[in-house]
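# Secondary and tertiary structure notes
Here is how the chains run, residue by residue.
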Amino acid sequence: MNSAFKLTAICFGQKVNADTPLHHYVKAATYHLLKVKKITGGYKLQVLLDI
């Protein structure tokens with residue numbers, strides 16, 4: 001493992017628990033609404049997932 005790289009993520013969406021029925025699965029990350037912004041100490045990305 002290369003310690004020069006670090007990934008920190010904040011993800012959000014619908015809360016689920018063991019009783020929540022999952023009817024969809026992620027098919028792919030899309031280019032729709034994709035954003036990449038350079039910030040102090042790294043980059044900030046927005047990725048939309050296609051279900």
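In short, a report on the structure. (Residues numbered from 1 in each chain as written. Predicted model: local features only at pLDDT ≥ 70, side-chain atom pairs only at ≥ 80, totals over all residues. Heavy atoms only, no water.)

### Topic: unusual backbone geometry
Non-glycine residue Leu33 carries a positive phi angle of around 65°. Relative to the helices and strands, Leu33 is located in strand 1 (residues 28–39). With relative accessibility at 47%, the residue Leu33 sits in the partly exposed group. (Helix = DSSP H or I, 4+ residues; strand = E, 2+ residues; numbered from the N terminus. Buried < 20%, exposed > 50% of the residue type's maximum accessible area, 1.4 Å probe, protein only.)

### Observations regarding the layout of surface pockets
Taken as a whole, the largest pocket holds about 1,400 Å³ of empty space. Of all the secondary-structure elements, those providing two or more residues to the lining of the largest pocket are strand 1 and strand 2 (42–50). In terms of residues, the lining of the largest pocket owes the most to one element, strand 2, which gives eight residues. (1 Å grid on protein atoms, 1.4 Å probe; cavity = no way out; pocket = protein on both sides within 12 Å on 5 of 7 lines; lining within 4 Å. Points joined across faces, edges and corners; volume = space filled by probe spheres on them.)

### Some details on the pairing of strand 1
Judged by how many residues are buried, strand 1 sits mostly at the surface: zero of 12 residues are covered. Where strand 1 lies against strand 2, eight bridges are found, and the strand directions are antiparallel. In the sheet register, Lys35 faces strand 2, and the bridge partner there is Gln46. Once strand 1 ends, the chain turns through two residues before running back antiparallel as strand 2, passing Gly41 with a positive phi of about 85°. (Pairing = 2+ DSSP bridges.)

Nothing here speaks to function; it is geometry throughout.
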